[in-house]
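Spelled out, the chains give:
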Amino acid sequence: MLMTFPEFLFLAPLVGTLLRLAVGLSLLYIAYVQFQRRDEIGNLSLPVVGSVGSGLITVAASLKGIVGLALIIGYATQLSALFALALFLKQFIYAKRYPRAIPLCRVDYFYLIVMCVCLFLMGAGAFAFDLPL
């Protein structure tokens, strides 16, 4: 099949890099917002665990920030994408019930889920510390 712009094929390795940056920056944003609202989120009655303190919210936001940084620099990309996929699925489900605790809308989480699946299947792309096996 003929391509409309075949001269752009040399940019194909950058696709994984752009996906990594988008998901990583989104995770950093979510971690920042949840860290800012940690007292308010800590007082919510969550399913299974009930009301948690702000300390556990701080730990959760820190883990999201660490995974976001790992995706940005390209370290353990497939593992980080799998962790982010589970996180985004959970937040996609609870987005309507806890709008103050979950900063993005459901459509955003759907797109982030698709991007995480692509990262998990494709790998890190260019400019990453992951080595292809």
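Residues numbered from 1 in each chain as written. Predicted model: local features only at pLDDT ≥ 70, side-chain atom pairs only at ≥ 80, totals over all residues. Heavy atoms only, no water.

With respect to the environment of Arg-20
Next up, step 1: Within the secondary structure layout, Arg-20 lies in helix α1 (residues 14-36).
Next up, step 2: Note: C-alpha distance between Arg-20 and Phe-35 (15 residues apart in sequence) is 22 Å. (Helix = DSSP H or I, 4+ residues; strand = E, 2+ residues; numbered from the N terminus.)

Digging into the state of the cysteines
Next up, step 1: Tallied over the full model, the rule gives zero disulfides.
Next up, step 2: Take Cys-105: it sits in no disulfide, and the sulfur closest to it among the cysteines is that of Cys-116, at 16 Å.
Next up, step 3: Note on Cys-116: no disulfide assigned, nearest cysteine sulfur contributed by Cys-118 at a separation of 9.3 Å.
Next up, step 4: Of the residues examined, Cys-116 reaches a relative accessible area of 0% and is grouped as buried. (Disulfide = S-S within 2.5 Å. Buried < 20%, exposed > 50% of the residue type's maximum accessible area, 1.4 Å probe, protein only.)

Concerning the packing of aromatic side chains
Next up, step 1: Applying the stated criterion across every chain, the model contains three aromatic pairs.
Next up, step 2: In this structure, Arg-38 is placed above the aromatic ring of Phe-35, and the distance from its NZ or CZ to the ring centre is 4.1 Å.
Next up, step 3: Here Arg-106 stacks its cationic end above the ring of Phe-92, 4.3 Å away from the centre of that ring. (Phe/Tyr/Trp six-rings, centres within 6.5 Å; stacked < 30°, edge-to-face > 60°. Lys NZ or Arg CZ within 6 Å of the ring centre and 35° of its normal.)

Some details on the environment of Phe-5
Next up, step 1: If you trace the backbone, Phe-5 turns up in the segment before α1.
Next up, step 2: As for Phe-5 and Ala-124, which are separated by 119 residues in sequence, their C-alpha atoms are 24 Å apart.

Examining the packing of helix α3 (residues 54-73) against helix α4 (residues 77-94)
Next up, step 1: It is the contact of α3 with α4, at a shortest axis distance of 9 Å, that shows an interaxial angle of 135°. Judged by the inter-axis angle, α3 sits oblique to α4. Taken as a pair, α3 and α4 cross one another with a handedness that is left-handed. On α4, the residues touching Lys-64, Val-67, Ala-70 and Leu-71 of α3 are Thr-77, Ser-80, Ala-81, Phe-83, Leu-87 and Gln-91.
Next up, step 2: A per-class count over the contact of α3 with α4 returns six nonpolar, three polar and one charged. (Axes fitted to C-alpha atoms, helices over the stretch in contact; angles between N-to-C directions. Parallel < 35°, antiparallel > 145°, perpendicular 65-115°, else oblique. Left-handed = near helix turned anticlockwise from the far one by under 90°. Contact = heavy atoms within 4.5 Å. Nonpolar A, V, L, I, M, F, W, Y, C, P; charged D, E, K, R; others polar.)

Points about the nonpolar core
Next up, step 1: Counting residues in hydrophobic clusters, the biggest one holds 25 residues, and the most contacted among them are Val-23, Leu-27, Phe-88, Tyr-109 and Leu-112.
Next up, step 2: Elements that contribute at least two residues to this core include exactly α1, α3, α4 and α5 (106-122).
Next up, step 3: Broken down by element, the residue count for this core peaks at six residues, all from α5.
Next up, step 4: Setting aside residues up to four positions removed in sequence, Val-23 forms contacts with Leu-71, Ala-84, Phe-88, Leu-112, Met-115, Cys-116 and Leu-119. (Core = buried A, V, L, I, M, F, W, Y, C linked by side-chain atoms within 4.5 Å.)

Focus on the pattern of salt bridges
Next up, step 1: Inspection of every chain in the model, using the stated rule, returns one salt bridge.
Next up, step 2: Taking the shortest distance from any N to any O, the salt bridge between Arg-100 and Glu-40 comes out at 2.9 Å. Pair noted here: Arg-100 is in the loop between α4 and α5 and Glu-40 is in helix α2 (residues 38-42), with a separation of 60 residues, a long-range link.
Next up, step 3: Since its relative accessible area comes to 35%, Glu-40 is described here as partly exposed. (Salt bridge = Lys/Arg side-chain N within 4 Å of Asp/Glu carboxyl O.)

It is worth stressing that arrangement in space is one thing and function is another; only the former is reported here.
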